[in-house]
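Observations on the model geometry
Chain by chain, the residues run as shown.
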Amino acid sequence: MAGNLKTRADKVAAPRRGKRSATEKGWLPVALKSLHPERYAPCDLYRRLGVGQHVLFARRGLSFSRTDRQKLFAHGVSHLFIRQADAARYFRYVREILSSVVRDPATSPENKAATVHAACQDIMRQVFEEPRAVFVSQAHEVIAPTLDLITADDKATRCLVRLTAYDHSTYTHSANVGIFAAALSRIIFGKKADRDLERIGPGFFLHDLGKCRIPLEILNKPGPLDPGEWEVVKRHPGDGVKILEESGFLTDEARIIALQHHEKDDGSGYPHGLKGGDIHPLARICRLADVYEALTSKRPYHQRRSTYEALKLMKETILVDMDREFFDHFVRLFRS
């Protein structure tokens, strides 16, 4: 059983480049929680009425009030839409909002966490669908204040970790892994992580970027993968490195995390079959977070497990591939 679980944990869904699962080409959904009440609309905001049907809700530069947002929530609307051409303008606005919210002592830890998590979901959706330099750059802009929050506010970090349990859509996997891994790094490395997290953190969020080159029919296959399909999946660490290199954002840390996060102590991992001490601690942290997120997500190939069930399973059947000390620290993230 453990072997099957580890295999399927490696196969977390990610969108294929050029395929729009949430909206039509040319449009980008943005979370209402990312839009600060009482601030101006950063660009034209639209409501989606149906396939190919969008109606203007708020024009750029006009006030987007708390009342407007609450009315949308009351009608079951969690996202508005922007035109793809406005993505850069929107994510600059998100960076400004996040920086303001993270540093605002009057904002509750719960609201900080909700705003940060929604923004991470938005940018990870964008960067996986369009893994070009401009969007990787925007991802870094959004990730930076997220790491500031994890470094500066333990209460908000705990809220952020708890928040990951409520949404397991395709695009949130890398955001959740990034949050878990960054928070775990701070526990393991202490004050040193506070200094280094800005450099290390983006690698955690972008560790699976190469999966945008895997066909959806393989990523979402409900049954076992055949040998040819496995070979396709096993290419994604190297593909992720290539994408980051092409975009100009390949750091030493991002290379290590992308390439090694599926390696295992016994040498049965991929892509290089590294063993034991040859696997970098940052990759070990990412793999631990990656496996947990996969086990607690609802996927085509298994039902989601609770935090308790996932941690128990990892300790009893999967931990042989991981660092026990890191796992003990990881458990601390879920203690109130």
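Everything discussed here concerns the structure shown above.
Residues numbered from 1 in each chain as written. Predicted model: local features only at pLDDT ≥ 70, side-chain atom pairs only at ≥ 80, totals over all residues. Heavy atoms only, no water.

Some words on the environment of His280
Position of His280 relative to the elements: it lies in the loop between helix 12 (252-260) and helix 13 (281-295). Overall, His280 belongs to the partly exposed group, its relative accessible area being 31%. Distance in space between the C-alpha atoms of His280 and Ile256 is 7.2 Å, their sequence separation being 24 residues. Once residues within four sequence positions are removed from consideration, His280 is found in contact with Ile256 and Gln260. From its side chain, His280 meets the backbone nitrogen of Leu282 in a polar contact 3.0 Å long. (Helix = DSSP H or I, 4+ residues; strand = E, 2+ residues; numbered from the N terminus. Buried < 20%, exposed > 50% of the residue type's maximum accessible area, 1.4 Å probe, protein only. Contact = heavy atoms within 4.5 Å. Polar contact = N/O pair within 3.5 Å; in protein donor to acceptor, adjacent residues only side chain to side chain.)

Brief notes about unusual backbone geometry
A negative phi holds for most residues other than glycine; trans holds for most peptide bonds. With an omega dihedral of 10 degrees, the bond running from Tyr270 to Pro271 counts as a cis peptide bond. Checked against the element boundaries, Pro271 lands in the loop between helix 12 and helix 13.

Examining the nonpolar core
Judged by nonpolar contacts, the single largest core of 80 residues is most densely connected at Tyr90 and Met314. The dominant element in this core, judged by the number of residues it contributes, is helix 3 (residues 87-103), at nine residues. Core analysis: the next-biggest nonpolar cluster, separate from the first, contains eight residues, Leu219, Leu225, Trp230 and Tyr270 among them. (Core = buried A, V, L, I, M, F, W, Y, C linked by side-chain atoms within 4.5 Å.)

Digging into the packing of aromatic side chains
Summed over all chains, the structure comprises 12 aromatic pairs. Consider the rings of Phe57 and Phe64, whose centres lie 6.3 Å apart with planes at 70 degrees: the pair is edge-to-face. Relative to Phe330, the ring of Tyr292 lies with its centre 5.3 Å away and its plane at 70 degrees, an arrangement referred to as edge-to-face. On the criterion of sequence distance, the pair formed by Tyr292 in helix 13 and Phe330 in helix 15 (residues 324-332) is long-range, its members being 38 residues apart. As far as the burial class goes, Tyr292 and Phe330 line up, both buried. (Phe/Tyr/Trp six-rings, centres within 6.5 Å; stacked < 30°, edge-to-face > 60°.)

Let's talk about the packing of helix 14 (residues 307-318) against helix 15
The interhelical angle for the contact between helix 14 and helix 15, taken along N-to-C directions, is 170 degrees, at an axis separation of 12 Å. The orientation of helix 14 relative to helix 15 falls into the category roughly antiparallel. Note on packing geometry: the crossing formed by helix 14 with helix 15 is left-handed. Facing helix 14, whose interface residues are Leu311, Met314 and Lys315, helix 15 presents Arg324, Phe327, Phe330 and Val331. Along the lines of polarity and charge, the residues of the contact of helix 14 with helix 15 split into five nonpolar, no polar and two charged. (Axes fitted to C-alpha atoms, helices over the stretch in contact; angles between N-to-C directions. Parallel < 35°, antiparallel > 145°, perpendicular 65-115°, else oblique. Left-handed = near helix turned anticlockwise from the far one by under 90°. Nonpolar A, V, L, I, M, F, W, Y, C, P; charged D, E, K, R; others polar.)

Things to note about the packing of helix 13 against helix 14
Between helix 13 and helix 14, the least distance of the axes is 9 Å, while the angle of their chain directions is 130 degrees. Relative to helix 14, helix 13 is oriented oblique. Helix 13 and helix 14 meet at a crossing whose hand is right-handed. Together, Leu288, Val291, Tyr292 and Leu295 of helix 13 and Thr307, Ala310, Leu311, Leu313, Met314 and Ile318 of helix 14 make up the contact between the two elements. Its residues assigned to classes, the contact of helix 13 with helix 14 shows nine nonpolar, one polar and no charged.

Some points on the pattern of salt bridges
Counted according to the given criterion, the structure contains 15 salt bridges. A salt bridge links Arg95 to Glu141, with the nearest nitrogen and oxygen atoms 3.3 Å apart. Taken together, the positions of Arg95 in helix 3 and Glu141 in helix 5 (residues 133-152) put the pair 46 residues apart, joining distant regions of the chain. With a relative accessible area of 24%, Arg95 lands in the partly exposed category. Between Lys312 and Glu316 there is a salt bridge, with the nearest N and O atoms lying 3.1 Å from each other. Linking Lys312 with Glu316, this pair stays in helix 14, spanning four residues, or about one helical turn. With relative accessibility at 54%, the residue Glu316 sits in the exposed group. Through salt bridges with shared partners, one network takes in Asp196, Arg199 and Glu253. (Salt bridge = Lys/Arg side-chain N within 4 Å of Asp/Glu carboxyl O.)

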